[in-house]
Amino acid sequence: MPPTQIPQTYRVKSFGCQMNVYDGERMAELLAEQGITAAPDGAEADLVVLNTCHIREKAAEKVYSDIGRLRRADGSSPLIAVAGCVAQAEGDEIMKRAPAVQMVVGPQAYHRLPEMIREATGGKRVTDTDMPAQTKFGALPARNRDGRRSAPAAFLTVQEGCDKFCTYCVVPYTRGAEVSRPHAELIDEAKRLVDAGAREISLLGQNVNAWTGEDARGRTIGLDGLIRELAEIPELARIRYTTSHPNDFTEGLIAAHGEVDKLMPFLHLPVQAGSDRVLKAMNRSHTAESYLKVLEKVRAARPDIALSGDFIVGFPGESDAEFEDTLALVDTVRYAQCFSFKYSPRPGTPAATMDGQVPAEVMTERIMRLQAALGRDQTAFNKASVGKTCQVLVERKGKLPGQWLGKSPWLQSVYFEDDVAVGDMVTVELTEGGYNAVSARLLSPVAA
Ligand code: SAH
Ligand code: SF4
Ligand code: F3S
C-alpha cells in the first residue's frame, strides 16, 4: 500500500550537474513552503525525491537501485518521486518497472509537486513531464522566503535547455529548448541570495553564454551584461558561470573577463575531442582551431585564467590517430582541471546507432591515457600556484580538526588551519600544491 498521509518530512537527493543541485534546492524550498520539513540526517523521510541524471548509462541505471534501497524491512516504502532528467526521458518505463514510485516529475514541471503529492496520497500514480520552463520559475516561491540561509557559494540557474543537439547527448530531449530567464527575475533572485548570505554566485545554464534578456531600460543584453550588473551588488564578492559553448562565446564576454574584477579567472569550456572529423560527427559545430582561438582571446583578456573542459573518448568511429589529436589539444591548452568520460550510447540519440562503436577495452586504454595527461597538467597548475597570495571563500570545515576548506579564484580547493568561519573571505598564501588540492597559510582575514 502506498502512503496515504500527506508527508511531514522530505529528503531530496540530487545527482548529475549543478543545475540539478539548483533544482533540488528549489524543490526543498517548495516542500518547506507546504509545511513539510527536511528529515534530520540519518532519519527516514516520509517523502523522498530522487532528482536524477540521464547523461550516461550508469547515471540513469542508478535510479532503479536507489528506489530498491528505499524499501523498508516491512516491505513498505516512503512516498517516492522521481524527478530530473531520467524522469523526463523514461517516465513511463519507471512507472512500469518500479511500482513503489508514485510520482514522476520532469525538470520543467516540479513546481507542480505539492499538487502531485495530494493526488499521490489520494491513491493515484501521477506523471508530469510538461516542458514550459517559464511557468516553473514563475510558479515557485521566491528564494529564501522561509528565512533559510544560503551557502556562501550559491547557484543561480539563468538559462535552461539546449538547441545544439550534439549527436551523443540527451540534454536537448530532457531539458527542452533553450530558454533564458528574464533579467528582472534574476537580479531579484541574486539579491535575495546575497541577503541570505551568499558571497559567490555561479550562474548556471546548459548553454549559459547563450543567455540573453532585456535590462531595466529595455536594452537587449547578453551574459556579459548580466555579469556586469550583478557585479554592482555590493556584498557579492565573486561571480562564476558554467557551462559555456564555444560557439556562443561573444567578444563582450571575453572583454568582461579582463574588466570585471568580481568575475573569477576560471573558464569551463568543453571541447569534447581534438579531431575535426570527430567534432563534426558529434555535431559540435566548432573545430579544434576555432575552440583554441576562443581560449587564446580569453587568455589575452585575463592572462591568469584557469581553463577547464569536458572530453569524451571513444565516440563512434574515433580512430587511434583521432584520439591522438585529443591528446595534442590537451598538450596545447594545459588545462587546470577537466572532466573526461567514456562515450556512453544513449537511447534516441543519433550517435547510438552510428557505425564504428568503439570496443570497451579501447575506450579504457584511451581514457587512462587522457586522464594521465590531464592529471599531469592539473598537478602542474596547482604546483605553479604555490607562493601566490589570493582570497579564499571559506565554504566548510575540512576532515582534520581545525582545518577549513574554501575555493581560490581559480576554483582550486584550498585547505588551511586557522580561526575562521564559513562564509569568511580570507587572504592566504598558497604553500603546497598537489593533484586535488592546495594547502595555504592565512595572511589576514578580510573584513566581511
Ligand atoms: N552543455 C554542456 C554540458 C553537457 S553534459 C556542454 O555542452 O558541454 C556534460 C558533459 O557530459 C558533456 O560536456 C560531455 O563531455 C559529457 N557527455 C554528454 N553526453 C555523453 C555521452 N553520451 N557519453 C559520455 N559523455 C557524455
Ligand atoms: Fe549536450 Fe551538446 Fe547541448 Fe552540451 S551543447 S548540452 S553536450 S547537446
Ligand atoms: Fe544530467 Fe540532466 Fe544535468 S542529464 S547532467 S541532470 S541536464
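Residues numbered from 1 in each chain as written. Chains lettered and ligands numbered in written order. Predicted model: local features only at pLDDT ≥ 70, side-chain atom pairs only at ≥ 80, totals over all residues. Heavy atoms only, no water.

So the rule is basically this: UniProt positions are given in the numbering used here, feature names are shortened, and annotations may be inferred rather than shown by experiment.
As annotated in an unreviewed UniProt entry, the protein carries the name tRNA-2-methylthio-N(6)-dimethylallyladenosine synthase and is attributed to Novosphingobium clariflavum. Among the UniProt annotations of the protein, the heading Subcellular location (unreviewed entry) holds the following wording: "Cytoplasm".

**Re the UniProt feature "binding site: [4Fe-4S] cluster 1" (unreviewed entry) in the protein**
Rules: Each helix is a run of H or I in the DSSP string that is no shorter than four residues. Each strand is a run of E no shorter than two, and both are numbered from the N terminus. Working definition: with a 1.4 Å probe on protein chains only, accessible area under 20% of the residue-type maximum means buried, over 50% means exposed, and in between means partly exposed. Contacts are assigned to residue pairs with any non-hydrogen atoms lying within 4.5 Å of each other.
With numbering matched to this structure, UniProt assigns "binding site: [4Fe-4S] cluster 1" (unreviewed entry) to Cys17, Cys53 and Cys85. Taken together, the annotated residues stretch across 69 residues yet fold into one region, lying no more than 10.4 Å apart by C-alpha. On the secondary structure map, cysteine 17 appears in the loop between β1 (9-14) and α1 (18-33). With respect to the secondary-structure elements, cysteine 53 resides in the loop between β3 (47-52) and α2 (57-69). Owing to a relative accessible area of 12%, cysteine 53 belongs among the buried residues under this scheme. Other than its neighbours up to four places away in sequence, cysteine 53 contacts Phe15, Gly16, Asn20, Ala59, Ala60, Cys85 and Val86.

**Details of the pairing of strand β10 (residues 200-204)**
What counts is decided by this rule: When DSSP finds two or more bridges between two strands, those strands count as paired.
Burial within β10 is extensive, with five of its five residues counted as buried. Side chains Glu200, Ser202 and Leu204 project from β10 onto one buried face, and the interleaved Ile201 and Leu203 project onto a second face that is buried too. With five bridges connecting them, strand β7 (residues 153-157) and β10 associate as parallel partners. Counted as the bridge partner of alanine 153 is glutamate 200 from β10. Where β10 and strand β13 (residues 238-242) come together, five bridges link them in parallel fashion. Considered in β13, the bridge of serine 202 is made with arginine 240.

**So, the sheet that holds strand β4 (residues 79-83)**
Definition in use: With axes taken as lines fitted to C-alpha atoms, and helix axes fitted only over the stretch in contact, angles between N-to-C directions fall between 0 and 180 degrees.
With respect to topology, six strands assemble into an open sheet ordered β2-β1-β3-β4-β5-β6, the strand pairing being parallel. Each of the sheet's edge strands pairs with one partner strand only, and the pair in question is β2 (37-38) and β6 (126-128). Where strand β5 (residues 101-105) lies against β6, three bridges are found, and the strand directions are parallel. The residue of β6 that forms the bridge with valine 105 is aspartate 128. The sheet strands contacting α1 are β1, β3 and β4, and the helix crosses β1 at an angle near 170°. Sheet strands touched by helix α4 (residues 113-121): β3, β4, β5 and β6. Its angle to β5, the strand with the most contacts, is close to 155°.

**As for the packing of helix α9 (residues 251-259) against helix α11 (residues 288-301)**
Selection criterion: Crossing handedness is defined as follows: a turn of the near helix away from the far one that is anticlockwise and smaller than a right angle gives a left-handed crossing, while the clockwise case is right-handed. Lys, Arg, Asp and Glu make up the charged group, whereas Ala, Val, Leu, Ile, Met, Phe, Trp, Tyr, Cys and Pro make up the nonpolar group; the residues left over, Gly among them, are polar.
As a packed pair, α9 and α11 sit with axes 7 Å apart at the nearest point and diverge in direction by 35°. For the pair α9 and α11, the crossing hand works out as right-handed. Contact residues: α9 offers Glu251, Ile254, His257 and Gly258, while α11 offers Lys297, Val298 and Ala301. Class assignment for the residues of the contact of α9 with α11 results in three nonpolar, two polar and two charged.

**Observations concerning the site of ligand 1**
Spelled out, the test is: Near, as used in this document, describes a residue that has one of its heavy atoms within 4 Å of the molecule or strand being considered. Per-residue accessibility takes into account occlusion by the displayed protein chains alone, with areas from the Shrake-Rupley method and a 1.4 Å probe.
Close to ligand 1 lie 15 residues; Tyr168, Gln206, Gln272, Asp310 and Ser344 are nearest. Taken by itself ligand 1 offers 540 Å² of open surface, and the protein chains cover 89% of this. Contributing elements (two or more residues each) for the shell around ligand 1: β15 (306-313) and β16 (337-342). Here the residues of the shell around ligand 1 sort into six nonpolar, four polar and five charged.

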